[in-house]
Amino acid sequence: MRDLMIDSSGDPQQDELTHDLVEVSGTDELLQSCAELLGIEQGEMDELAPDCGLPLDNILGKAYDDNYAAQDISDTLTNEESRIDAVDDVQITHDLTKRTSAISVDIHSSEIQDSGNQYDDQGNIKLTVGDSSGI
């Protein structure tokens, strides 16, 4: 699949020389799609896709639990992104001083072959979300 490349602020990225919009495909497009999916609160797009996105019940608030949050992240990715075969090793790192969290996930996808250096030594695609903006 192909899509427009989105920068860290959520804007379409332009080529510096031609000023054309930059496209993304393969592993990079899958990772971008997953990051966008995790950035949507479930129910946020009620009219278009009511089940799309990440439920925040176990992620925000006083009843926060890393295990429940990790399961919600895994379920969201496997249920909403058909190219993902499995999700392993969801890690959530919190920076309490900045009030941000970063999510790191190992994704298995048999459909994506042009991985570049995105795969680790076990063949997992590494996805990290929330480095700068927080989730």
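Heads up: these notes are all about the structure in this document. Quick caveat, the model's predicted, so the values are computed rather than measured. (Residues numbered from 1 in each chain as written. Predicted model: local features only at pLDDT ≥ 70, side-chain atom pairs only at ≥ 80, totals over all residues. Heavy atoms only, no water.)

Observations regarding the pairing of strand E4 (residues 100-108)
Consideration 1: Across 8 bridges, the pairing between strand E3 (residues 86-95) and E4 is antiparallel. By the bridge assignment for E4, Ile-92 is matched with Ile-103.
Consideration 2: The antiparallel hairpin formed by E3 and E4 contains 4 residues in its connecting segment, where Arg-99 sits at a positive phi of about 60°. (Pairing = 2+ DSSP bridges. Helix = DSSP H or I, 4+ residues; strand = E, 2+ residues; numbered from the N terminus.)

With respect to unusual backbone geometry
Consideration 1: One non-glycine residue, His-19, lies in the positive phi region at around 65°.
Consideration 2: With respect to the helices, strands and loops of the structure, His-19 is situated in the loop between strand E1 (2-4) and strand E2 (23-25).
Consideration 3: On the basis of relative accessibility, which here comes to 53%, the residue His-19 falls in the exposed class.
Consideration 4: Positioned with a positive phi, Asp-89 is a non-glycine residue whose angle comes to about 50°. (Buried < 20%, exposed > 50% of the residue type's maximum accessible area, 1.4 Å probe, protein only.)

What to know about the side chain of Gln-32
Consideration 1: Within the secondary structure, Gln-32 sits in helix H1 (residues 26-38).
Consideration 2: On the accessibility criterion, Gln-32 (12% relative accessible area) is buried.
Consideration 3: If we skip the residues at most four places from it in the chain, Gln-32 touches Asp-3, Leu-4, Met-5, Ile-6 and Val-24. (Contact = heavy atoms within 4.5 Å.)

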